[in-house]
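Chain and residue survey
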Amino acid sequence: MSCLAKVKDGIPFFDPWINEADKAAVCGAFESRWLTGGPKAVEFEKLFAESVGSKYAVCVNSCTAALHLAMRSLGIGPGDEVIVPVLTFAATANAPIFCGARPVFADIDEKTYNIAPQSIVDKISKKTKAIIVVHYGGQPCDMKEIMNIAEDYDLPVVEDSAHTVGATYLGRNAGTMGVIGCFSFYPTKIITTLEGGMFVTNDEAIGKIAKNLREHGMSKNAADRERGAAWYYDVMDLGYNYRLTEVQAAIGISQLKRLDDINRMRVNAANKYTELLREVDGIITPFEAKDRTHAYHLYVIRVLEKEFGISRDKLFVELSNKKIGLSVHYTPLHLLTYYRNLLHYNVGDFPVAEKIYPEILSLPIFPTITEAQIAEVVNQIKVAKKISQG
Ligand SMILES: Cc1ncc(COP(=O)(O)O)c(C=O)c1O
């Protein structure tokens, strides 16, 4: 996995924080002899639901699976439209497509890079059946405006919370304000189960549908049968195998125990970057809205070519040559081949996303990044600027 590859003698884009407790949890899960769909998964769901403040949680093997279950549990199907931000990862838009529905892209806010509420309103049609928002980089969206729009048009909101566990908006956790929240535990995410995800909801009926579809749509699962239920089961609906293994759930429980530390360490790293980058002309540091906290899954700067001296692409090459791991989140989806062919958008359809896309650059950030590493990244940004000035 390129984003995790250690840059030899350099600074990786991401370095996972796996400690002795995580390793012990793995061994413990193996020793329990129950390897999947068992008590650890149930415990992880309970602890996660408590942690974010949601009534029900269903653990799954990716956030992509959680998003798919979100669409299925809302009954999204052929002919329906689902509004999604244009600046996101493919999985957000793929969830409606899996169900035969059309993702309708909305533009983003120029400061936070989150979905722009006005753009949601502009895209609502008679076919719109849901809105998926993404808390880009770990900063919650404008949920008050979005929930007002959703109420006005009677539309469910799904929060793609892949980038945050624990960031808040007006005191409420991201992922718990809409009807469904979907979280990712991929290695670069806030907590990891290697691969994994969580589906949360306060709606019991929706939680039941998701749980049922996670396990093939069966009326009873292996745990029920182990607890003495009759062998007979029915298949109620077209389901999937989206289970999380016991080993992964055990890692998740262990990681969740240090969620506050993880979030604090990421915020400290982000604050250090912002402090050191403040005086660099042509670099825009992340905007922080006052009414919310930021999980800093990503630390995204904007490189303004005129003021900085070189473009984002040139800076990417300069820093990569110094063995600094970087990324770009994201190419707006309407510019990617699959969505271009499927949805027929044009260049120019999403002016804000298209304006900022050539300027955004994700710098290395992870809980254990050191101040010295951050200072070195900033130093190399300044060196690249100086070279550009001749
Ligand atoms: C915004 C967003 N949504 C969904 C996903 C999919 O997550 P997963 O890899 O857990 O399926 C990602 C993964 O990077 C993401 O960034």
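Quick caveat, the model's predicted, so the values are computed rather than measured.

Now for helix 7 (residues 204–214). Buried residues of helix 7: I206, G207, A210, L213 and R214, and no others. Down the axis of helix 7, the buried set is contained in an arc of 135 degrees. They therefore lie on one face. The opening residue of helix 7, the one whose side-chain oxygen lies 3.0 Å from the backbone nitrogen of A205, is D203.

Moving on: the domain arrangement of the protein. As far as domains go, the protein holds domain 1 (7–11 + 259–388) and domain 2 (20–256). Measuring from the centre of the C-alpha atoms in domain 1 to the corresponding centre in domain 2 gives 26 Å. Counting residues at the interface gives 34 residues for domain 1 and 44 residues for domain 2. Of the roughly 3500 Å² buried between domain 1 and domain 2 on both sides combined, carbon and sulfur atoms contribute 59%. When the buried surface of domain 1 facing domain 2 is broken down by residue, L259, R292 and Y330 rank first, second and third, together holding 21% of it. Inspection of the domain 1/domain 2 interface yields three salt bridges. Among the salt bridges present, the one from R302 reaches E110, with a minimum N-O distance of 3.5 Å. The tally of links between domain 1 and domain 2 comes to 25 residue pairs in polar contact (both at pLDDT 80 or more).

Each value, and the rule that gives it
- Residues numbered from 1 in each chain as written.
- Predicted model: local features only at pLDDT ≥ 70, side-chain atom pairs only at ≥ 80, totals over all residues.
- Heavy atoms only, no water.
- Buried < 20%, exposed > 50% of the residue type's maximum accessible area, 1.4 Å probe, protein only.
- Helix = DSSP H or I, 4+ residues; strand = E, 2+ residues; numbered from the N terminus.
- Arc of directions from axis to C-beta.
- Polar contact = N/O pair within 3.5 Å; in protein donor to acceptor, adjacent residues only side chain to side chain.
- Domains from an automatic or database assignment.
- Contact = heavy atoms within 4.5 Å.
- Buried area = accessible area lost by both parts, 1.4 Å probe.
- Salt bridge = Lys/Arg side-chain N within 4 Å of Asp/Glu carboxyl O.

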